[in-house]
Structures are given as C-alpha cells and as structure tokens.
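# Overview (structure and organization)
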Number of protein chains: 2
Amino acid sequence: MNASIPAITTGPLPASSKIHVRGVHHDIAVPLRQIAVSGGCPLNVYDSSGPYTDPAVSIDIAKGLSDNRGNWLRDRGDVEEYEGRTITAADNGFAQGDRLTPSFPQQRRPLRAVGNRAVTQMAYARAGVITPEMEFVAIRENIGRAEALKEARDGEDFGASIPDFVTPEFVRQEIASGRAIIPANINHRELEPMIIGRNFLVKINANIGNSAVTSSMEEEVEKMVWSIRWGADTVMDLSTGRNIHNIRDWIIRNAPVPIGTVPLYQALEKVGGIAEDLTWEIFRDTLIEQAEQGVDYFTIHAGVRLHMIPLTARRVTGIVSRGGSIMAKWCLHHHCESFLYEHFDEICDICRRYDVSFSLGDGLRPGSIADANDAAQFAELETLGELTKIAWAKDCQVMIEGPGHVPMHKIKANMDKQLEHCHEAPFYTLGPLTTDIAPGYDHITSAIGAAMIGWFGTAMLCYVTPKEHLGLPDRNDVKTGVITYKLAAHAADLAKGHPGAQMRDDALSRARFEFRWEDQFNLGLDPDTARAMHDETLPKEAHKVSHFCSMCGPKFCSMKISHDIRAEAEKQAGMEEMAGKFREGGELYVPVTEPAE
Amino acid sequence: MNASIPAITTGPLPASSKIHVRGVHHDIAVPLRQIAVSGGCPLNVYDSSGPYTDPAVSIDIAKGLSDNRGNWLRDRGDVEEYEGRTITAADNGFAQGDRLTPSFPQQRRPLRAVGNRAVTQMAYARAGVITPEMEFVAIRENIGRAEALKEARDGEDFGASIPDFVTPEFVRQEIASGRAIIPANINHRELEPMIIGRNFLVKINANIGNSAVTSSMEEEVEKMVWSIRWGADTVMDLSTGRNIHNIRDWIIRNAPVPIGTVPLYQALEKVGGIAEDLTWEIFRDTLIEQAEQGVDYFTIHAGVRLHMIPLTARRVTGIVSRGGSIMAKWCLHHHCESFLYEHFDEICDICRRYDVSFSLGDGLRPGSIADANDAAQFAELETLGELTKIAWAKDCQVMIEGPGHVPMHKIKANMDKQLEHCHEAPFYTLGPLTTDIAPGYDHITSAIGAAMIGWFGTAMLCYVTPKEHLGLPDRNDVKTGVITYKLAAHAADLAKGHPGAQMRDDALSRARFEFRWEDQFNLGLDPDTARAMHDETLPKEAHKVSHFCSMCGPKFCSMKISHDIRAEAEKQAGMEEMAGKFREGGELYVPVTEPAE
C-alpha cells in the first residue's frame, strides 16, 4: 500500500464545511455540505460523505460510526434485541489464521421485529406514521428549494410529480404508494437515511468488493469512504471468496449510506461454487445472516424463471448477470422453478422483519446492443412486476433493477415498460451503455444512457467505471466512475426540473464569468482535478485572479469582452450612447506578457 | 519534447491494415481500415487517419501528402493557376529570425475558378454532375451496408432520410439540396473527401492550435495526425499569435481531412488585437490568403447583428464565443452592423471561387445552462438561416454551428429550430454540455448532449476535451476528447439506424462472449487503453485466452455459464432433456488458481 495514501480519507473537501439542519418533528440533524464562495453567498449541497468530512468527528473504524438511529427504533417500540444467528466458518469462506479478517470488535446484538410486526418504512407510511427517517430525507431533498422557487420552474419530467417542496408528508405518501423507498435496515443504526424514487433527486450507487489478495479492514472500509466522499449515495458490497462476513461487518459499522448486497454470491461460496448445490435453506440462512448485520437492500434474482432461459440461447451475449446465470444454471440442472421464485413469500417475511429493501435483480438484462429489449429481458421485467405486488402486500420496500446495454432509441421503452409493469416502483439501472465499441471508456458510453434514463424517470443509477469489461477498478477508476455518474444524475435532475438543481450550475457559471477561479474549482464536482488541470498551463497563484485563461489568452477573451458589453449596457439605455462610450476606450488588447514566454 | 514520442505518429493500429476500394465511375481509391478478427471475418471500418496508418506510404512532412485531386480538378476544366497573393510579414504576426517558422518548402501556385465560375461541389451537384469527390464519399459511407441489410433495419431517425445504400447520385442530391456538404477547397489537393450531412454517418471535429512557446512544424503537424489517427473527421486550426500562416501551410499540405479555421482570429492579429481596428479589407484579404492555402471551411460569425447584442447583457455568462465577442465589440464601438453581415455577398464570392464551405458561427451561443435557448441565441439562428439562403444562391456550401451549454430537455428544440430556420443545412454543434458543474469532466458532460443531438440530426460534433474551461489540452486530452466523441457519434449512428453501424458492436460483443480478448481489444475504439486496463489485473499472456476475467473470476463467470446454456439449447430441443444433461456435468466451479494469490 502506498504510504502517501491515508488508510481512511478524512477531512472536508476544499472550501467546504459540514453544517447540520435540525428536524422540526424529530430529534434529527441532517448533514449538508456548505461551499464557501468568495464572490457571493455560500452554496449548500447534498452531502453523502458522512462524518468522514466533518473535522468535528474523530474517526475510529474499530468503533464504527455513532448510533444515529437507536433512539428512533426504540421509540417505535416494535423491535427486540435477540441472540442472533451463530457465525460459522463457512460465513467467512473457511478462512483461518492469518487469512481470516478479524471480526469487528464491538458487536451489538441484532434487532428484529417483535412477533409478526412489519418494521418497514412502507408499513409505517401506510399506517400514516411519519418516521424520523422520512423527515430526515425530506430536509435533505429540500436543499436550495426556497431560494430557487423565487423563479419559475423549468424542465420536462415525463409524468413524474416533483413537488415544489418535499414535505415529510409527501415522503410518507410516496413510500406508502411504493413509488419511493428508504433503504434502512433496523440493524444499520449508523445510517444517514436517503430516499430513492422518481420524484426525488436522482441517486447513484458505487460497487465495491474485496480483492483476491487478502485485504485489510482499513482498505475495505476506505473503498466505501472514498466512494461516498465523491458522491455515491449507496454502496453495494459485491465481495466474493473468503472473509465476506467479517469484511461486511466492518463496512456496515462504518457506513453512513445504505449498503446493498447480492446474497446469492455468499450462498454460492458456502456450497463451494457449485450452483446446482445451492438450496433454499442455505440461501435463507444467508439472508438472515446479512439482515442481522444490517444490509439495507438485497439484490434478489427471483425473476429468472425456467421458461425464460431458452429465450437467451440465441443472444449475442447470453446471460451477463452473474446472479442470473447462477440461477439459470440451477433451474436447468434441476429442471424446476428457482427457489427464489418459489420461496419469494418467505424472503418477504425476512425483509419485513428487518426492513431490508428489495432490489429485484434483472438476471436477464442485455449484455450487448444486439440483445437490448428482447423477449427474455421483458419477460423477466413482467415477473418483477408480479413480485413487486407480493412484496408490497407484505409491506416490503421494492426497487427494480434494469439494463445493461441499450442503444439510445430503445432506452425510453425500458423506462415506460418498467413504470407500467412494475407499478411505479423505483427503477435502478446499470448505465445503460449506448454502444459496445469503447472498452476503456464505458463510464462514458454508459453515462450517456444513464443521464437519459435518469431524465426519463430512473431513480438510482448504478455506476460503471472505465475498467468495465476489462478489470477491477482501482481507486482512481472508482473516483472517475462516481464523478461521471454524479454529473449524469445532475444532468437528469436539471432536465426533470428539480427546483434548486440549477443553483450549483449558476453559481459555478457566475464564478467562471467573473474569473473567480478558486470558486470555479470549489463549486465543481471534483475541485482537485479542476485545479490540477488549470495549473498545468497556468501554475502561478497570480493566474488564479487573472481575467483570462490559457485557452484564449488575454487578447481573445470573450468573457472579458462580455464584461465590457455588460458594463456599458448597464450604464446606458440607448445604443447610440453605448457605442459612443465604446469609442472612447475599453481596449480589447491588454499588453500582458504571455505566461509561457 | 519527450524523445519517446515520435515526431509524427505512423503505422497501423493493432491488427489493422489499410485497404482501398476503387471507384466505378472515377479513378479513385477510397481507404478503409480492415481489422483482422481471430474468430471470424475481418471487419472493415471507416478510416479518417489518412496515409499515416499505411505502411506502404513513406511520410515526409516537408513534401506533404500526394496530390490526390489534381487530376479531378484539371478534368473539370474550370480552374486556373495564378500567382496568388504575396505573403506579408503580418501574415505570420511579424515573426522574425529564429521565431519565424520556416515556410513549407514546395509551394504550389494556387488555383481559382476561371472567371465567375462556381467551382463548388454544390454547383456541380445542381448541374447534375457527380464528381469524384461525391463517388469517394459514397463508397466511404457504404462500409458494411451490403452485409447489414440482410437483416431488418432498426432505429429512430426523427424524419431524416437515411438510404439503404449511399449511391453517388444520392450524394449529389443531398449536396444539391444543401442538406450535406463536402468541404473540399480546390487548393487542398491532398484531401480524402468526406461528407457532412444528417443522412450520413455522424462526424466529429477536433480543434488544434499552436502553443504559446514557439512550436516546431513537426509538433503542429503531429497534433493533426494524432487527432485523425483516433478518428477526427475534420480538424480546425485555431492558432493565434505568430506564425499562423506558415503553420497552416504545413498542416494543410499534410492533411488528408478537411481543415477549418476562424479567419477572424488571424485578421485580429493583423490589427494588433484591437477589435475596433478590424476592417472589411483586412478581413477580405485574410479570407483570400487562407483560401489560396486550401482551408476547407471558414467559421464566419456573420449572424451577430447589432440589435442582438443588448440581448446578451443580462446573461449569466454573456458572450462566450471568441469570434462573437470580437464582432460584438466591433459593432458596439462603431455602432453599425458588422462588416461580416454587410459584406456577406462578397464573402460568398470568395468561397465560391475556391469552394470554401461556410461554417456559420454561433457567436451568441449560450455558455451556461442558465443562458440556453434564450432570445439572443435564437435571434442569431434565424439570421444564420437568412445567410444560408444567400450563400446557396451563390452555390456555396453551408453548415451551421450550434451550442454550447444546454440541459437535456432543451436539446431537441435546438435541433428542431435549426432544421426549420436553416432549411436543413447541416448542423455542427459543440457538445452541448448538459451541466456546468463538472470542470475536468466536460468531455463527458458534453458527450451526453452530443450523442443526443447527433441522434436528433446533428451532422458533425465538435469535440470537447477534459481541459475545457481549464487549460490547453495536451496529447492525452486530445485523444480522450476524440475517442469520447467517436463513441458519442457512434451511439447516435446506432440510434438513427444507419445500416451497418451495429456490425462493430456485434463483432466486439461476440468476441467478448467468446473470450477472444485480443479481438475485443482490437475491435474497440482504443485498443491500447483497453489492453493496458486488462493487463493491470491479469497481465500474463495466458490470461488473454482465459475463459474468465478479473471482474468475476472463474467461479462467477456469467458468460461461461451462458455458454453451457447455449450448448445445451443447441443440442436439445426439449427442456426436459436439457435439464438432464446439465445434471450429468458442466461444473460451474473450475478450480483454477486465482491469479493474484
């Protein structure tokens, strides 16, 4: 490990400080990031980074983050502590000795619902209860709206219902209807709640996973911390192999964002990687194991049904979902319906007991342009709609996973069919990638599709890194993927017309127009990279206040000329006088020594 | 200069060879790139890279490329050689001694039309003549169509008229109608013609420019060569300062692609950078200077009219076009209509005499999300439509430049208004950038907009590099910008339903599915980067034939499972038997030593 990289990245982003907004109805403190602006008001922005960017909090990953939600859970009076499942050697892939990642030191006893109670946000919402989690996300979503609503709203939302203000009551209604979810396992008490739904800001997910070489706990926690620092709203832990259980503990205990998993991966490890040997009992036990740890959402590939599998045989790229292919193999071998589909009711019972949200997996998503929108893909989508109704009947929260590789002209049909078949449950898509021909640049091929489908109504975008199809992302790839998806999600928010979304664009553009270089860097998604790129050409501090930049130099600066024009226009009403003034002075040519000479 | 970087990059891309298709009607040889595929037929792809990737051609930039078009021009019998304008010290910004870039050694005398003849492709097209240039582009555009048309066409083209085959006669009709242009100055005889129009493949432009430090001729030529190697279809030389004339000579004499310029930049240099001192006479002289050199298209900001300027005063970012701001300043100072607008007729006469295409500049394009689609922008667009008719009346070829910064929901209106106001003249857009908040990533914010507007009908996309708004792009930035725009243009071609466009996606996806790693790298837009990323995790040659990759490892490979499924499905019709076969074998778990352990 490079000694110059800290084990856990902490400290605020440039010019930023952490502020907290108190709740009205509950004892909550919602974190925001405030960016100081030298030439104007500070700008508050949504902040997924957790306490790691708060200098007032000292981080010790062996202690984990503080217990935000314990009181909220106790106040509801419907959960109980219990012994929990005994951890087995199989849970960590039989890792031993040096190869075994130590367990997280301060284990809490798990919580579960009392009796058959539903302790899901959906159950409370349907009962008319506004939870602290709901008020928390309402405050988060409202950043900047009061200011922004002084001007007329703009945007095309394709039938969404984005309110002027997000009230806790609105959040409750959206969750009750199934149009939004707050992934918040009762055993993830370190969580800063967030909401996923078409009528809220578009969110992004980053995937992490353990390395084949034995990783330290710090390294695994740092992957999560690094992702959320740049804007990931949720993180999926896709670890395989050894130490899955213990690593997941370390991650969740230190995670302020929801953590998702694909429990099938761990279940497969428990049967030595032989898909056919998977059983409902092993899978069920794995769900409980992970629910007790606090996993906030499970990808469940219950939509892959036996009769759909032959539909994939003629595809260019077959089945590209790992979970989908594992279940397809199981179904074919046993020649029967998958245990995920058959036991879906029981899976719901587990999710209901801990409030684990469903992320219904698209096991048959297309892996190439040629396979987009085919019969297999849409057959599964219809099944996911059926399963959504079953889960809702148990008060379980649900989102639906989506493709994949889809050319631009077939993207909207994905969104429309998802809304129709899945009854407006939130859509959570991977990309989609709009062409197959650019390995090494698939963060970009997919950002095009992601921005579009986000605009059309997708609630959360799963990031793609430059290494997609080629290798495991490193630290830089993860950052590139997260920033790329943040900008795609923001482009979608702008186009949907979220009140307040454009404030950051406007603040940055004003800084650009006024040559406030520091503000321009600080207001961007990645201040460090912007500053480094600027400094490659004009490194001196003096150039941070230059009224030109390296692209055009002082002679050709259009921004500078625009200032002259504006200054004149503001002084003069009549064009005649304006022209006269310009004749008197205001040279365009400024004899500044060119920096590079 | 880094000694490891060759002065001029030559040699084929990996697994690629140059082939030529002969014309039927004319003595032409159209270059294609053929990519060898280990597991299938070779794939032919469009090739903008010129002789630099042809090992059979020896490159000597002091001689320039060979005279492809001399015979074609002589055969038309309507041009004459003449002495040409005398080069002045001002043309090179008064550079002297060591600071003066040497002139290109082997100067040809320029050609011009005889008398008042129009020697434009539009004039020939209207007269019913199919030129060699037209047949050349028809062959280029047709790559893969015969094969692709065996299957049903797909796509949404928003009212375009993309033919099954591009015949020379179709090209002629499109040019005659003004819907397409072939930028091809009669003095650019080294050109490999290409076409820009809504019913043809989407093209991309890369911008280059001299450095503030004195550059060598090799460095300037290499910028162009490097851009076209990765796929730039045209290159704009936006040099300013000293040596503009001589550098441009070196570039054009070595350029197989059309070269565009903004003549106003050089004219401004000639008046010491004082916008108010610009005159029609100096500008006119600069146009002739550049036309004689062989510039293929001129950006002319004739749409910025006096009465529009106050419309920009309240903008967040004013006027961001350099040309636009220079003309605005001139208009305000003199309080009269711009000399570009007033003398547009005479500009057309020059363009007609040399076949320089117009790229009517959008001097009032929006520079921020806040300013998108405003009154200033659309007022100018309407004027560009008027100017288009004037140019067409003189048989001049025209394209229209477009924005800029535009949120997704306002992009389509740009395309629709352009088609309406500019009578279907080709649209040539910069991006558009779909958000302002990601400096350092504006190749991506703009690729989103570029792919969309390309789909809607834009004919050519001007690239944006990661350094946009921050600094001068280096070699890596240029490559990143070009590849990003190639993938955006390709995404647009796929969505529009160009026959043959999907063949490369399919070939690459088949290679991916069959674990043909070398083919997968070679078929991508950037084989070197794809290979390097793969090798970071799995460097050994053995892993180039592995039936898994580093993302999932051998245990979890969905592609591998899909092969099992397909193999069974192909052997068996009935699912019963299929399941039986699976029971007998086909383990998912393959005990391969994991590479990193």
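Starting from 1, residues in each chain are numbered consecutively following that chain's sequence as written. Following the order in which they are written, the chains are lettered starting with A and the ligands numbered starting with 1. Per-residue local features are limited, in this predicted model, to residues with pLDDT of at least 70; the limit for side-chain atom pairs, both in listing and counting, is 80 or more; totals at the level of whole chains, interfaces and linings are taken over all residues. Hydrogen atoms and water are omitted, and side-chain values are computed over all heavy atoms in the structure.

As recorded in an unreviewed UniProt entry, chain A goes by the name Phosphomethylpyrimidine synthase, listed as coming from Gluconobacter cerevisiae. You can read under Subunit (unreviewed entry) in the UniProt record for chain A the words "Homodimer." UniProt positions are given in the numbering used here, feature names are shortened, and annotations may be inferred rather than shown by experiment. In the Function (unreviewed entry) part of its UniProt record, chain A is described as follows: "Catalyzes the synthesis of the hydroxymethylpyrimidine phosphate (HMP-P) moiety of thiamine from aminoimidazole ribotide (AIR) in a radical S-adenosyl-L-methionine (SAM)-dependent reaction."

### Examining the interface of chain A and chain B
In this analysis, two residues are considered to be in contact whenever any of their non-hydrogen atoms come within 4.5 Å of each other. The partner chain B presents 129 residues to the 129 residues of chain A that form the contact. Here the quantity called buried area is the accessible surface, traced with a 1.4 Å probe, that two parts lose on coming together, added over both. Here chain A packs against chain B, burying approximately 11000 Å² in sum over the two surfaces, 66% of which is carbon and sulfur. Each reported salt bridge corresponds to a side-chain nitrogen of Lys or Arg within 4 Å of a carboxyl oxygen of Asp or Glu. Here chain A is connected to chain B by four salt bridges. When the shortest N-O distance is used, the salt bridge between B:Asp154 and A:Lys410 registers 2.9 Å. Pairing of N or O atoms within 3.5 Å defines a polar contact, subject to two protein rules: one partner must be a possible hydrogen donor and the other a possible acceptor, and residues neighboring in sequence count only if both atoms are side-chain atoms. Our count for the contact surface shared by chain A and chain B stands at 18 residue pairs in polar contact (both at pLDDT 80 or more). Broken down by element, the residue count for the side of chain A that touches chain B peaks at 10 residues, all from helix H16 (residues 475-496) of chain A. Note on residue classes: Ala, Val, Leu, Ile, Met, Phe, Trp, Tyr, Cys and Pro are nonpolar, Asp, Glu, Lys and Arg are charged, and everything else, Gly too, is polar. Partitioning the side of chain A that touches chain B into residue classes produces 61 nonpolar, 36 polar and 32 charged. Secondary structure elements follow DSSP: runs of H or I of four or more residues count as helices, runs of E of two or more count as strands, with numbering from the N terminus.

### Remarks on the packing of aromatic side chains
Any pair of Phe, Tyr and Trp rings, taking the six-membered ring for Trp, is counted once the centres come within 6.5 Å. Such a pair is stacked with planes under 30 degrees apart, edge-to-face with planes over 60 apart, and tilted for the rest. Enumeration according to the criterion identifies 26 aromatic pairs over all chains in this entry. Taken together through their ring pairs, the aromatic side chains of A:Trp280, A:Phe283, A:Trp330 and A:Phe339 make up a single cluster. For a lysine, the NZ atom is tested; for an arginine, the CZ atom; a charge sits over a ring if that atom is within 6 Å of the ring centre and within 35 degrees of the ring normal. The lysine or arginine in question, A:Lys479, covers the ring of A:Trp230, its NZ or CZ lying 4.0 Å from the ring centre. Of note, B:Lys412 hangs over the ring of B:Phe456, and the distance from its end group to the ring centre comes to 5.8 Å.

### Let's talk about the side chain of A:Asp233
All names here are of chain A. By the element assignment, Asp233 lies in the loop between helix H6 (217-229) and strand S9 (234-237). Burial here depends on accessible area, computed with a 1.4 Å probe over protein chains only, as a share of the maximum for the residue type. Under 20% is buried, over 50% is exposed, and the range in between is partly exposed. Positive charges are assigned to Lys and Arg, negative charges to Asp and Glu, while His and the chain termini are left out of the count. The buried charged residue Asp233 lacks any salt bridge, with Lys486 as its nearest oppositely charged partner at 4.3 Å. When neighbours within four sequence positions are excluded, Asp233 is seen to be in contact with Tyr46, Ser48, Met194, Lys203, Ile204, Val257, Pro258 and Lys486.

### What to know about the sheet that holds strand S1 (residues 16-22) of chain A
All names here are of chain A. Criterion used throughout: strands pair if DSSP finds at least two bridges between them. The antiparallel open sheet is built from three strands, whose spatial order is S1-S2-S3. Whereas interior strands pair on both sides, the edge strands pair on one side only; in this sheet they are S1 and strand S3 (43-46). Put simply, the sheet's adjacent strands are angled 45 degrees from each other on average, direction ignored. Sheet analysis places S1 next to strand S2 (residues 29-35), joined by seven bridges and oriented antiparallel. Bridge pairing in S2 places His20 opposite Pro31. The strands touched by helix H3 (residues 132-141) within the sheet are S1, S2 and S3, with S2 carrying the most contacts at an inclination of about 15 degrees. The angle between two axes is taken between their N-to-C directions and runs from 0 to 180 degrees, where each axis is a line fitted to C-alpha atoms and a helix contributes only its stretch in contact.

### Some thoughts on the pairing of strand S8 (residues 203-208) of chain A
Looking along a regular strand, one sees side chains alternate from face to face of the sheet. Residue and element names in this part refer to chain A. Along S8, five of the six residues are buried, which leaves the element largely enclosed by surrounding structure. Across three bridges, S8 lies against strand S15 (residues 460-462) in parallel orientation. Bridging across to S15, Asn205 finds its partner in Cys462. Inspection of the sheet shows S8 paired to S9 by four bridges, in the parallel sense. Bridge pairing links Asn205 to Thr234 in S9.

### What to know about the UniProt feature "binding site: Zn(2+)" (unreviewed entry) in chain A
Under the UniProt annotation, "binding site: Zn(2+)" (unreviewed entry) lies at A:His405 and A:His469. In terms of the greatest pairwise C-alpha distance, the residues named above, spread along 65 residues, form a tight cluster of at most 12.2 Å across. Structurally, A:His405 is set in the loop between strand S13 (398-402) and helix H14 (411-421). Judged by its relative accessible area of 6%, A:His405 falls in the buried class. Residues contacting A:His405, with those up to four places away along its chain left out, are A:Pro366, A:Gly367, A:Ser368, A:Ile369, A:Ala372, A:Leu433, A:Asp436, A:His469 and B:Arg512. For A:His469, a relative accessible area of 12% translates into the label buried. Looking at A:His469, its side chain comes within polar contact range of the side chain of A:His405, at 3.4 Å.

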